[in-house]
Amino acid sequence: MKIAIIGAGICGLYLAWKLAEKREAVTIFEKKDSIGKEACSGLFSERVLDFIPQSQKLVQNRINSALIHFPKKTIKLNFKTSFFVMSHFELDNLVAELARAAGAEIKLNHYETGSDRVSFDRVIGCDGAYSAVRKSLGLPDPFFRLGILGFIPKADNSNYVETWPVAPRQGPGGGFIWKIPRGETTEYGIIAQSKEAPKLFENFLEKNNIKIEKRVSAAIPQGFSIPKHSSTTLCGDAAGLTKPWSGGGVVWGLLAAEILLKTFPDFLKYQKMMKKYFRPKIIFSKTATGLVYLLGFRAPWLLPKSIKIENDFLR
């Protein structure tokens, strides 16, 4: 089949790789002139190796726990599944090489229009938070938060991350500031409501006398939506598929890609399986996150000092 994938992010590249291995005729349309996402903390659970075992060579550090600093109490999260620190940019380019080697064609500097899709049997929108494919299908935009990050040239090989929650004011959830030890460097960042994130981040950095370098930012969608359409569908950020508590989307996106591959070329079956698999997880995690924020800011004594969790699925 002739397949158009709109967007050369991790989900689009992974789908292109696996579909090309099945001898499908795959073309990726990417509007940028290069491949690789930079506005991402690159903190992925070790499950990433289940999908892309070649990414083992990209691991910069291993994370086993997180400290959540509420104003009056610090909670330690011990992860059942460890996290790897990687460069998202390098991960994208690794999978791009695998996709090309399998026979997929990647067209850079290509601003996709609806007319590009006419000659294809299937179209998969993997074009990120502001998906043009999602808009063309008449689906509503998700809720957006803003992610900002930067680095300081300080080596840190600690096996834990630190976070400072931001109290929610409106919309689904608040956010948090983070510190991630990346081995040779240290990363600081924030995810919060778009209007508040820049000021909150600046205040934190100034208060702690931190001067970051190479600052980047990106919109983080939250609002799961898969079209009921036989020839066009969405995957990853284009479908608003990010974890409600962290904004992370890589492992969830790769899980969605696997569901698409198992049901391909039946996009209606893909839509049903996606709703069945992800909706309960999203509802549960939103509820759990809201409860933790509520207790953390208003009744911290009710929270335990240490919790062991499965951070890909919050259980």
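The numbers attached to residues start from 1 for each chain and follow its sequence in the written order. Local features in a predicted model are, by the rule used here, given only for residues with pLDDT of at least 70; side-chain atom pairs are given and counted only at 80 or more, and totals for whole chains, interfaces and linings are based on all residues. With hydrogens and water excluded, all non-hydrogen atoms of the structure serve as input to the side-chain values.

1. Some thoughts on the confidence of the model for the protein
Note on scores: pLDDT gives the predictor's confidence for each residue, bounded by 0 and 100. Averaged over all residues, the pLDDT of the protein is 93; the fraction at 70 or higher stands at 97%. Numbered from the N terminus, helices here are DSSP runs of H or I no shorter than four residues, and strands are runs of E no shorter than two. Mean pLDDT across the secondary structure elements of the protein bottoms out at strand 12 (residues 213–222), with 92, and peaks at helix 1 (residues 10–21), with 98.

2. Topic: the packing of helix 6 (residues 250–263) against helix 7 (residues 267–298)
It is at 8 Å that the axes of helix 6 and helix 7 come closest, and there the two elements cross at 150 degrees. As summarised for this structure, helix 6 and helix 7 are arranged roughly antiparallel, according to the angle between their axes. Seen along the crossing, helix 6 lies across helix 7 with a hand that is right-handed. Where helix 6 approaches helix 7, its residues Trp252, Leu255, Ala256, Ile259, Leu260 and Thr263 are matched on the opposing element by Phe267, Lys269, Tyr270, Met273, Met274, Tyr277, Phe278, Lys281 and Ile282. Here the axes come from fitting lines to C-alpha atoms, over the contacting stretch only for helices, and the angles between their N-to-C directions go from 0 to 180 degrees. For classification purposes, angles smaller than 35 degrees are called roughly parallel, those larger than 145 roughly antiparallel, those between 65 and 115 roughly perpendicular, and all remaining angles oblique. If you view the pair so one helix is near and one far, a crossing is left-handed when the near helix is turned anticlockwise from the far one by less than a right angle, and right-handed when it is turned clockwise. Any two residues having at least one pair of non-hydrogen atoms within 4.5 Å are treated as being in contact.

3. Some details on the sheet that holds strand 6 (residues 105–107)
Strands qualify as paired when DSSP identifies two bridges or more between them. Taking strand neighbours across the sheet as the criterion, the five strands line up as 6-2-1-7-13 in an open arrangement whose pairing is parallel. Strands with a single pairing partner mark the edges of an open sheet, and in this sheet they are strand 6 and strand 13 (232–234). Each strand of the sheet is rotated relative to its neighbour by a mean of 20 degrees, with strand direction disregarded. Both strand 2 (residues 25–29) and strand 6 contribute to a ladder of three bridges, which runs parallel.

4. Here's the deal with the environment of isoleucine 75
Tracing the chain through its elements places isoleucine 75 in strand 5 (residues 73–85). Through-space distance from the C-alpha of isoleucine 75 to that of glutamate 38 is 30 Å; in sequence the pair is 37 residues apart. Once you skip the residues sitting within four places of it in the chain, isoleucine 75 turns out to touch Ala66, Leu67, Ile68, Phe70, Leu303, Pro304, Lys305 and Ile307.

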